[in-house]
Structures are given as C-alpha cells and as structure tokens.
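# Commentary on secondary and tertiary structure
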Amino acid sequence: MRRRLLVFTVLLVVFLAGGGVFAFKHGMVSKSPATAPAVPQVPVVAGVVTQHDVPIYLTGVGTVIAYNTDIVRAQIQGQIISINFTEGQQVHTGDLLAQIDPRPYQAQIEQFTANRDRDQAQLANALANLNRYTPLEQKGFATTQLLDTQKAQVAQLQSVVKSDQALIDAANVQLSYTRLTSPIDGVTGIRQIDVGNIISPANTNGVVVVTQLQPISLIFTLPETDLPQIQQQQQKTKEPLTVLAYSQDNTIQLDQGRLGLVNNQILQTTGSIQLKANFPNTAHRLWPGELVNARLLLDTRHDGLTVPASVVQQGPKGAYAYVINPNNTVEIRPVTVAQTSEGQALIDSGLTANEQVVVDGQYKLQPGTHVTILHGQAAEEATAQSAQQAPIP
C-alpha cells in the first residue's frame, strides 16, 4: 500500500513539473513581440534628369509654296503634232515640251522673204539710176527735179525693204512659238492636251504645268507674341535663323532651311505673323501645297535640364513631377517647363541634374510611397500597361 502511494506521488510530481515547464514556455512564446508587416512597394519606371545643350524652337504650321509655277500655254494657234515629255518628268529651261505644226508659219516667212528680195532688187535699180543722174545734174544734162525724185524713190524703197525685214522677223518669232518649251527648271504635271488637237491662246489650261521644286519655300505662322523674340535673335546673330520642316506627325524631318522673311504686317483676324523660309529641297521631300510643321530654331540653351515628357504631370497647382529619394520613397516637386519637343521636356526650375524621377506609374503614387524601380522588359511591359489604363485626357 505504501509502495503504491509512493509511485502515485512520484507520478504526480512529474506531471506537475511537466505542466509547469509547458506553461512557462508557452508564456514566454506569447510574450515574444509580433513580426512587423512588410511595407508595400509600388513598381515604377524611372529616369534621370540629364543636362546638355538644348535647342529652343518656335513651332508653327505652314504650307509649301513653289518658287515658280508656270502654265505652258500656246501664243499662236495651230495643231499639236508632238508631245515631247512624260508626266512627272524633270525638265530644264528650254526643253521642248510640245510642237505645233510649223508649216503655215514657214510658208509665211518664205512669202515675206520673197517680197523683201523683190523690193531689194527695185532698191538696187533705184540706187543705180541715182548714181547716174547725180553727175548728169552737175553737168546740166539732168534737171534738179529728176534728181530729187530719184532720191525720194530710193528712200521709199529703203523703207519698204526695212518693212519687209520686220515682217520676216515677226514671222520668225511666230515660228518660234510653234515650239512650246519649259520656261523654268522643274517637274511637269498632268498633260492637258493630246496630239492632233488644235491649241490657241484661248486655251487657259495650256499643255502642262511646270513647277519648280529646287529650291522651294514654306510659309508658316507663329503667334504675334513670338515676334519680339525673333527680332531680338535676328539682331543678335546677324544671320538668317534656321528652320526645320517636319511631317504632320512630327516623325520625319523633311528638310532644313533658312528664314527668309518675316511678313511686314500681322494678321489681325488670327493674331499671328507670317514667315517665309527657303529650303534647298534636293531630295524633293517638300511638295507644293503640302501641309507641314515648321520649327524655327530661336536659340540653344547650354547645360539645359531635360526629362522624358511623361515625367511632367499636371495638377490643380500646375505642373509637377515625382522625384525618387535615396530611400526609394517619392516626393512631389513643382516644376516649370520651358518647352516640350521630340518627347523631351526642358525644365526651367524644380529639378536638378542626375536626380531620379518617375517616368511611368505615377497614377499609383502618393507622397512618401515606397517604390521599386523596374528595368528592361519589365519596364517596357509596365509602360504599355500604363498606357492602356491611363484615362483619356
């Protein structure tokens, strides 16, 4: 009996000891501090504020104007016997474009030439008689009246010969008009008449239109508020300002030229000023009547600060950008933009060189948000996704 009581007591002590150890360990675990939750990070595409020379442009829209556009018309009436060009052909001054039947005018020249030769023969006879009558009159064998009459006849025939020669010269001019030639260097357009048709000065469409393409000009407009800057820069440089011509979508530079003229009056209806630039157009990328974008190079800002245009956001208080701090948090920075060109924004104030800024992903950010910077393909995918999610302005 005592032995059973001893065993029971030992088991009870062991049980109580084990429970105490368990309770102690459980209490220690429950008193250990909880693990802090992870801080969420927003993925963004980042860029760097770069510093370099930046051209300052004034942009406007203009129309390409040919230096010369000539309609090749007939100055005489006749039948077209040949067309000597193809549509769209490059031609030069004096190139034969069409031929009018010359035979009626050649026959007229032959007739006038025969009349002249006849009158010249009569003049020669009259001069011979005058040479005979002159010594006879001096010797008293001919009267003074006869000599005067012969002199008058010689003068009359000389005038007739001059008139005949004038008719021949005029007929030669008419004959030259049978050759319809290009008055300028240029490109031919659509043919307006076919071989065999009768053409005359009354045909206003003529044979073809020849347009000069080299050089060529561009007339574009800018706000009248830009005029003082242009005048100031012209006085400063003493040289024509550079003008760049771009396609309507601003993806292709068509040519580079020089500013030739600032018009002498402002358009009151639009409050704009007209400018004319001249381009060599050696590649024929500028075409008469084409609508293009013009960029007038006003100045070059040295050590200018630029960021991708998508960095600049618009808010109630104006333009701003998200700047990434060294601890990977972002802050809002008000900025002043001088110009936006070719996807780059020129910053006047608000940013410094080599700062990191958010290029894409701003719609998820708030001041103090932690960010993680994407690179490579992940950055491209984020940019594409952001473009799909971004609201239409």
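Scroll up a little and you will see the structure.
Heads up: these notes are all about the structure in this document. Positions within a chain are numbered from 1, following the residues in the order the chain's sequence is written. Under the rules for a predicted model, residues below a pLDDT of 70 receive no local features and side-chain atom pairs below 80 are neither given nor counted, while totals for whole chains, interfaces and linings still include all residues. Each side-chain value is worked out from all heavy atoms of the structure, with water and hydrogens disregarded.

## Digging into the layout of surface pockets
For clarity, the cut-off: For each structure, a 1 Å grid was placed over the protein atoms alone; sets of points admitting a 1.4 Å probe that cannot get out are labelled cavities, open sets with protein on both sides within 12 Å along at least five of seven lines are labelled pockets, and lining residues have an atom within 4 Å of a point. Grid points are joined across faces, edges and corners, and a volume is the space filled by probe spheres set on the points. Here a strand is any run of E in DSSP of at least two residues, a helix any run of H or I of at least four, and the numbering for each starts at the N terminus. Residues are grouped as follows: Ala, Val, Leu, Ile, Met, Phe, Trp, Tyr, Cys and Pro are nonpolar; Asp, Glu, Lys and Arg are charged; all remaining types, including Gly, are polar.
Of the volumes computed, that of the second largest pocket is approximately 170 Å³. Lining the second largest pocket are His52, Val54, Pro55, Tyr57, Thr306, Gln339, Ser341, Glu342, Gln344, Ala345 and Leu346. Breaking the lining of the second largest pocket down by element, the ones donating at least two residues are β2 (50-66), β19 (336-341) and β20 (344-349). Broken down by element, the lining of the second largest pocket gets its largest block of residues, four residues, from β2. Per-class residue counts for the lining of the second largest pocket are five nonpolar, five polar and one charged.

## Looking at the sheet that holds strand β5 (residues 90-91)
Here is the rule we go by: Strands are treated as partners if at least two bridges between them are detected by DSSP.
Read across the open sheet, the four strands follow the order β3-β10-β8-β5; overall the sheet is antiparallel. With partners counted over all chains shown, the strands left at the sheet margins are β3 (69-72) and β5, one partner each.

## Quick word on the side chain of Ser247
The condition is simple: Any pair of N or O atoms that falls within 3.5 Å is considered a polar contact. Within protein, one atom must be able to donate a hydrogen and the other to accept it, and sequence-neighbouring residues count only if both atoms are side-chain atoms. Residue contacts are defined here by distance: any two heavy atoms, one from each residue, within 4.5 Å place the two residues in contact.
Of note, Ser247 is situated in the loop between β12 (242-246) and β13 (253-267). Within polar-contact distance, the side chain of Ser247 engages the side chain of Asp249 at 2.6 Å. Excluding residues within four positions of it along the chain, Ser247 makes contact with Ile252, Leu254 and Asn293.

## Here's the deal with the nonpolar core
Definition in use: Only buried residues count toward a nonpolar core. Its members are Ala, Val, Leu, Ile, Met, Phe, Trp, Tyr and Cys residues joined through side-chain atoms within 4.5 Å. Buried means the residue's accessible area, taken with a 1.4 Å probe over protein chains only, is under 20% of the maximum for its type, while exposed means over 50%, and partly exposed covers the values in between.
Formed by 23 residues in total, the largest nonpolar core has its most connected members in Phe220, Ile230 and Leu296. At the level of elements, β2, β11 (216-223), β12, β13, β14 (272-279) and β15 (291-308) are the ones that each hand at least two residues to this core. By size, the runner-up hydrophobic cluster in this structure holds 18 residues, among which are Ile83, Ala98, Ile100 and Val210.

## Structural notes on the environment of Asp194
Among the secondary structure elements, Asp194 is positioned in the loop between β8 (186-188) and β9 (198-199). You can call Asp194 partly exposed: its relative accessible area is 41%. Through-space distance from the C-alpha of Asp194 to that of Val207 is 8.5 Å; in sequence the pair is 13 residues apart.

## Topic: the sheet that holds strand β4 (residues 78-83)
Strands pair in a sheet through their backbones, by hydrogen bonds, and they do so in one of two ways: parallel or antiparallel. Spatially, four strands are ordered β7-β6-β4-β9 in an open sheet, and the strand pairing comes out antiparallel. The strands lining the two open edges of the sheet, one partner per strand, are β7 (179-181) and β9. One ladder, built from two bridges, connects β4 with β9; its direction is antiparallel. Counterpart to Gly78 in the pairing with β9 is Ile199.

## Remarks on the pairing of β14
Relative to β14, β11 is paired through eight bridges, and the arrangement is antiparallel. Pairing of Phe220 across the sheet is with Leu275, part of β14. Examined bridge by bridge, β13 and β14 share six bridges and lie antiparallel to one another. Residue pairing for β14: Arg258 is matched across the bridge by Asn278. Hairpin geometry of β13 and β14 is characterised by an intervening segment of four residues between the two adjacent antiparallel strands and by a positive phi of about 65° at Gly271.

## So, the pattern of salt bridges
Quick reminder of the rule: Every case where a carboxyl oxygen of Asp or Glu lies within 4 Å of a side-chain nitrogen of Lys or Arg is listed as a salt bridge.
Using the criterion set out here, one finds seven salt bridges in the structure. One salt bridge connects Asp101 with Arg103, and the closest N-O pair in it is separated by 2.9 Å. Classification of Arg103 by relative accessible area gives exposed; the value is 59%. Here Glu355 and Arg333 are joined by a salt bridge, their closest N and O atoms 3.1 Å apart. You can see Glu355 sitting in the loop between β20 and β21 (356-360) and its partner Arg333 sitting in strand β18 (residues 330-334), a full 22 residues away along the chain. In this pair, the class of Glu355 matches that of Arg333, namely buried. Ionic contacts of the salt-bridge type, sharing partners, join the residues Glu331, Arg333 and Glu355 into one network.

## Here's the deal with the packing of aromatic side chains
Where we set the bar: Pairs were defined over the aromatic rings of Phe, Tyr and Trp, the Trp ring being its six-membered one, requiring ring centres within 6.5 Å. Orientation was assigned from the angle between planes: stacked under 30 degrees, edge-to-face over 60, tilted for the rest. By the criterion adopted, a ring carries a charge over it if an Arg CZ or a Lys NZ lies within 6 Å of its centre and within 35 degrees of its normal.
On inspection of all chains with the given rule, the structure shows one aromatic pair. Arranged with centres 5.8 Å apart and planes meeting at 85°, the rings of Tyr320 and Tyr322 form a pair that is edge-to-face. Between the NZ or CZ atom of Arg295 and the centre of the ring of Tyr246, over which it lies, the distance is 3.9 Å.

## A closer look at the pairing of β13
The pairing of β12 with β13 spans five bridges and is classified as antiparallel. What sits directly across from Tyr246, in β13, is Gln253. Taking the residues that link successive antiparallel strands as the turn, the β12-β13 hairpin has six residues, and the phi of Asn250 there is positive, at about 60°.

Scope: geometric values only; no functional claims are made or implied.
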